[in-house]
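Examining the three-dimensional arrangement
Letter by letter, the chains look like this.
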Amino acid sequence: MANSTAERLSRDEFFYGHKACAGCGGALAVRAALKELGQNAVSVLPAGCMSAVGFNFPQLCFSNNSIISTFAGTASMLTGIEAGLRARGYSDFTAVGFAGDGGTADIGIQALSGAIDRNDNIIYICYDNEAYMNTGIQKSGLTPFGARTTTTPAGANIHGNLRPKKNMFEIAAAHDIPYAATASIGYLPDFIRKVGKAAQIRGTKYIHVIAPCPTGWGIAPDETVEIAKEVVDCGLWYLAEYENGEFTLNHRPKDFSSVEAYLKRQGRFKHLDLSDIKTVIEARDRKWAFIEKNFSYS
Amino acid sequence: MKPYIREKKTFTAAEIPEATAFEAGYLVSVNSGWRSIRPVIDTGRCVGCEQCYLYCPDGVISVQNGKAVIDYDFCKGCGICAKIFRLGAIRTEAEHK
Amino acid sequence: MSKRFLSGNEAFAEGIRLARPDVISAYPITPQTIVVERLSEMVEDGSLKSDFIHVESEHSALSCAIGASAAGARAFTATSSQGLLYMAECLYYASGGRFPIVMMNADRSTALPWNIYGDQRDSLSQLDSGWIQVYAENAQEALDLALMSWRIAEDGRVSTPVMVNLDGFVLTHTYETVEIPEQTQADSFLPRYVTENRVDFDNPKNLAFSAGPDTNYIFKYKAHQGMLAAKAVVTETESAFADIFGRQYSGLLENYRTEDADYILVTLGSIAGLCRETADRLREQGIRAGVVRIRYMRPFPNEEIAAALRNAKAFGVLEKDISFGNEGTVFTNVNSALQKAGVRIPGYDFIGGLGGRNISAGDIEQIYTDIQNGTQSVNFIGIGGDGNGKQHS
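1. Topic: the overall build of chain B
In terms of helices and strands, chain B carries 2 helices and 7 strands. Order of helices (α) and strands (β) in chain B, N terminus to C terminus: β-β-β-β-α-β-β-α-β. In terms of overall dimensions, chain B is more spread out than a globule: its C-alpha atoms have a radius of gyration of 17 Å, far above the 13 Å expected for 97 residues. Oriented by its inertia axes, the alpha-carbon framework of chain B measures out at about 55 × 30 × 20 Å. When burial is assessed residue by residue, chain B has 41% of its 97 residues classed as buried. Once local pairs closer than 6 in sequence are excluded, the contacts in chain B between residues at least 24 apart make up 59%.

2. Quick look at the overall build of chain A
Along its length, chain A carries 12 helices and 11 strands. Taken over the C-alpha atoms alone, chain A extends approximately 60 × 45 × 45 Å along its principal axes. Burial status across chain A gives 60% buried among its 298 residues. For chain A, contacts bridging at least 24 residues in sequence account for 68% of all contacts bridging at least 6.

3. Description of the sheet that holds strand β2 (residues 55–57) of chain A
Spatially, β3(A)-β2(A)-β10(C) is the arrangement adopted by the 3 strands of the open sheet, whose pairing is mixed. Each edge of the sheet is formed by a strand with only one pairing partner; in this case those strands are β3 (59–60) of chain A together with β10 (210–211) of chain C. Direction of pairing for β2 of chain A relative to β10 of chain C: parallel, over a ladder of 2 bridges. Residue pairing in the sheet places asparagine 56 of chain A in a bridge with serine 210 of chain C of β10 of chain C.

4. Focus on the interface of chain A and chain C
The figure often quoted for interface size is the accessible area lost as the parts come together. The interface is formed by 33 residues belonging to chain A together with 39 residues belonging to chain C. Only β2, β4 (66–69), α4 (74–87) and α6 (109–118) of chain A provide two or more residues apiece to the side of chain A that touches chain C. For the side of chain A that touches chain C, the element with the highest residue contribution is α4 of chain A, accounting for 10 residues. Classifying every residue of the side of chain A that touches chain C by side-chain character gives 15 nonpolar, 16 polar and 2 charged.

5. Some details on the packing of helix α1 (residues 8–19) of chain C against helix α7 (residues 139–154) of chain C
For any two helices packed against each other, the geometry comes down to the angle between their axes and how far apart the axes lie. Residue and element names in this part refer to chain C. The contact between α1 and α7 brings their axes to 8 Å, and the two run at 25°. By the criterion of interaxial angle, the relationship of α1 to α7 is roughly parallel. As for how α1 packs across α7, the hand of that crossing is right-handed. Judged by residue contacts, Gly8, Ala11, Phe12, Glu14, Gly15, Ile16, Leu18 and Ala19 of α1 engage Ala139, Gln140, Ala142, Leu143, Asp144, Ala146, Leu147 and Trp150 from α7. Among the residues forming the contact of α1 with α7, the class breakdown is 11 nonpolar, 3 polar and 2 charged.

6. Quick notes on the environment of glycine 273 of chain C
Mapped onto the elements, glycine 273 of chain C comes out in helix α10 (residues 272–284). Through-space distance from the C-alpha of glycine 273 of chain C to that of glutamate 137 of chain C is 7.8 Å; in sequence the pair is 136 residues apart.

7. What about helix α11 (residues 302–309) of chain C?
Residue and element names in this part refer to chain C. Those residues of α11 that sit buried are Glu304, Ile305, Ala308 and Leu309. Down the axis of α11, the smallest arc covering the buried residues is 120°, so these residues share one side. In this structure, the buried side of α11 is in contact with β11 (253–256), β12 (263–268), β13 (289–294), β15 (314–319) and α12 (329–341).

8. A short note on helix α2 (residues 25–37) of chain A
Along its 13 residues, α2 of chain A runs 18 Å from first to last C-alpha, staying within 8% of the 18 Å computed at 1.5 Å per residue. One or two residues past the end of α2 of chain A sits glycine 38 of chain A, with phi positive at roughly 85°.

9. With respect to the pairing of strand β8 (residues 205–210) of chain A
Residue and element names in this part refer to chain A. Within β8, 6 of the 6 residues are buried, which leaves the element mostly enclosed by the surrounding structure. Residue alternation in β8 divides its side chains into two sets, Lys205, Ile207 and Val209 and Tyr206, His208 and Ile210, and both sets are buried. When strand β6 (residues 123–128) meets β8, the two strands line up parallel, connected through 6 bridges. Its bridge partner being in β8, isoleucine 123 is matched across the sheet by lysine 205. Bridge count between strand β7 (residues 179–184) and β8: 6 bridges; the pairing is parallel. In the strand pairing of β8, threonine 182 is matched with histidine 208.

10. Some remarks on the packing of α11 of chain C against α12 of chain C
Residue and element names in this part refer to chain C. Packing of α11 against α12 brings their axes to within 8 Å, and their N-to-C directions diverge by 75°. Comparing their axes, α12 and α11 come out roughly perpendicular. Between α11, through Asn302, Glu303, Ile305, Ala306 and Leu309, and α12, the contact on the second element is made entirely by Val334, Ala337, Leu338, Lys340 and Ala341.

11. Section: the nonpolar core
Of all hydrophobic cores here, the largest spans 253 residues; its most connected members are Ile81, Ile125 and Val209 of chain A together with Ile264 of chain C. Here this core takes 10 residues from α7 of chain C, the largest share from any one element. Viewed by domain, this core spans two of them, domain 1 (2–245) and domain 2 (253–380) of chain C, each represented by three or more residues. Not counting residues up to four positions away in its chain, the partners in contact with isoleucine 264 of chain C are Thr258, Gly290, Val291, Val292, Ala308, Leu309, Ala312 and Phe315 of chain C.

12. Thoughts on unusual backbone geometry
Cis geometry is adopted by the peptide bond preceding leucine 112 of chain C, which originates at alanine 111 of chain C and carries an omega value of -5°. Within the secondary structure, leucine 112 of chain C sits in the loop between β5 (102–107) and α6 (121–124). Put simply, arginine 298 of chain C and proline 299 of chain C share a cis peptide bond, and its omega is -10°. Considering the arrangement of structural elements, one finds proline 299 of chain C in the loop between β14 (296–298) and α11. One non-glycine residue with positive phi stands out, namely glutamate 50 of chain B, at about 70°. For glutamate 50 of chain B, a count of 23 C-beta atoms within 10 Å corresponds to the buried category. Unusually for a residue other than glycine, serine 81 of chain C sits at a positive phi of about 45°. With respect to the element layout, serine 81 of chain C can be found in helix α4 (residues 81–86).

13. Remarks on the sheet that holds strand β3 (residues 51–54) of chain C
All names here are of chain C. Taken in spatial order, the 7 strands make up an open sheet running β3-β2-β4-β5-β7-β6-β14, and their pairing is mixed. If you trace the sheet from one side to the other, it starts and ends with β3 and β14, each paired once. When strand polarity is set aside, the average angle formed by the axes of neighbouring strands in this sheet is 20°. Bridge count between strand β2 (residues 23–26) and strand β4 (residues 75–79): 2 bridges; the pairing is parallel. Its bridge partner being in β4, valine 23 is matched across the sheet by alanine 75.

14. Here we look at the environment of leucine 147 of chain C
Residues and elements named next belong to chain C. Structurally, leucine 147 can be placed in helix α7. Given 23 C-beta atoms within a 10 Å radius, leucine 147 is considered buried. Residues leucine 147 and glutamate 14, spaced 133 residues apart in sequence, show a C-alpha to C-alpha distance of 9.4 Å. When residues no more than four places from it in sequence are discounted, the contact partners of leucine 147 are Gly15, Leu18, Ala19, Ala186, Phe189 and Leu190.

About the criteria used
- Residues numbered from 1 in each chain as written.
- Chains lettered and ligands numbered in written order.
- Predicted model: local features only at pLDDT ≥ 70, side-chain atom pairs only at ≥ 80, totals over all residues.
- Helix = DSSP H or I, 4+ residues; strand = E, 2+ residues; numbered from the N terminus.
- Rg over C-alpha atoms; globule rule 2.2 N^0.38 Å.
- Buried ≥ 20, exposed ≤ 12 C-beta atoms within 10 Å, placed from the backbone.
- Contact = placed C-beta atoms within 7 Å.
- Pairing = 2+ DSSP bridges.
- Nonpolar A, V, L, I, M, F, W, Y, C, P; charged D, E, K, R; others polar.
- Axes fitted to C-alpha atoms, helices over the stretch in contact; angles between N-to-C directions.
- Parallel < 35°, antiparallel > 145°, perpendicular 65-115°, else oblique.
- Left-handed = near helix turned anticlockwise from the far one by under 90°.
- Arc of directions from axis to C-beta.
- Expected span 1.5 Å × (residues − 1).
- Core = buried A, V, L, I, M, F, W, Y, C linked by C-beta atoms within 7 Å.
- Domains from an automatic or database assignment.

So, in structure tokens, the structure goes:
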């Protein structure tokens, strides 16, 4: 029984033996992307979950060339590595960064913007688990509305995080980047296809992949992939691409699954009341109205 | 190719590299102790679809001779494989410690 | 060899062109800008085959240089003042990772209050960042250090980044006649960078990793040893430099008439020339004055300073720095050197030139007088007992 996605990937494992939590969505995103890119990928990981779990001398869990960058410096280090290798005469490699939501949308956004502005030939992958998980679940710029984190506690007065996620996909696109995409590890073949496509495009590529964190989201370790699918199915996330100045929607759920069911199965949203959920649904509907108006559907 | 367990696990001061640069994929410890549940492949039911291989966050499942095989040294027992494959070829049981 | 009339910044850029860095990543800041402008022009006219990367901040400038160095390339950046402080995290990263990057720092005051002129509070605040720190006195030395610094940084015994400091405006923007070596000479002096501390597609590496309490201190110890090894490498490098270019430098510090001096002023950077002239004048008056110009603040010339001051009656340190609540950092370092060597002579700290304030020949004469007569431990030039400014003409 052939699995066309498995068939296209390298049989090598490039991220193995790491100490990520059981069921880690970020680890799956990194593993899948590296299997698509192959052994000449040079990965850059900032301070954060994936570097913390993968690089503790002498337990070094990447079989490809990999390096930790400063927290703010994923994109700038990618730029340097790409330029340095090119200067030394190499052309057959992919400089790829894996930064979390905080490392991308907060502390790393300046360097990312600079790299896109220069159109450096790199792939930047944001594995979005929607909070600073490595330091113990603090709010980031990509924490969704209503989520309980350790710095946005849910109580009688404030129901968790008050602000919606930054829209990093459209922020990247606004730079007129050659390629940007959203993805979810719940739709792994779509993510892998996008990584493969990015590797064929010159210039800066940005891929934003939802990668749930069982620990931070308050779900069981075996639910990671399921919930990453559900967030797309209920319309709170979407699979899309930006290329040649155009937005394309890759997947349109026939009917959205229940937002409430999606939220209520996660510990971080347990406290939300009907009014909060209504707010989430209204925001989703506004977003989809925008998508229907501005994205073509493939 | 994948990271693998090495014989040499500790380093004297002289053996520690000058710079923060070392052989890629150098492992000195396993993760098997993390498991509270253990996924078990029913080879009779396994159809070699590779969904479990694809979705394993730890990459511990390979397909050999058309059947899934788990590297229990590094499986953390998250159970994603059992959920992904809906025909019941992977069941989970309590880990015996 | 050709001669040109160049500013310190321009001379340094000429040295960088001769060193052929693969990657230059820099962000503009006064008074460093002329360096990056000249290097950009050299890339444009094809005389410098470097990838000039227009980063969006100093943090990215050094982060990018680290990435390039980790790729095995030769990487250069330049900054000043607030920019140096903004990239501070990356300073430690570069030295801890043993990436032999060279950076020029145009020494400039640090805000607040805002000020674009020269003092050395920016670089001296980063003495602990693990970089070799050298201070040039003139444009020729700046150019020569641009070349020598690479050879020192990339030496396998050292593998440590080098910060070459030029006093803002006083040196960066002052013109003098400079000898520019031929490229063939430079190439024979400075071989291509070869390292194992890099991305390697044949034998992949994991780089810039974590190390826990069991091994972390070993990495730190080795970085310390690498820095200490630079002492001998500086001497070797200067000797090789003299063989090829005919200019001999004096190692970690430069002594001027110290052998029989009773009163010695220790300083660093471009003010040293005025100190030497003053010492000469005092000698004519029968006062045995000498000058020690510290060239390298890291590695610190402990033994050399103790040897230079051992037979003096008293010494002073003139520095463009103050560590609030204590004293100038150079003074702290010099005192430590003397204490370790058992040299017990009176010493006084003179803080001057902050925010670009002029240090006059009269100020320096007064300093020598104060050293002879004794004064308070820490003295702000131009501030009398009532706190009012005064300048000796």
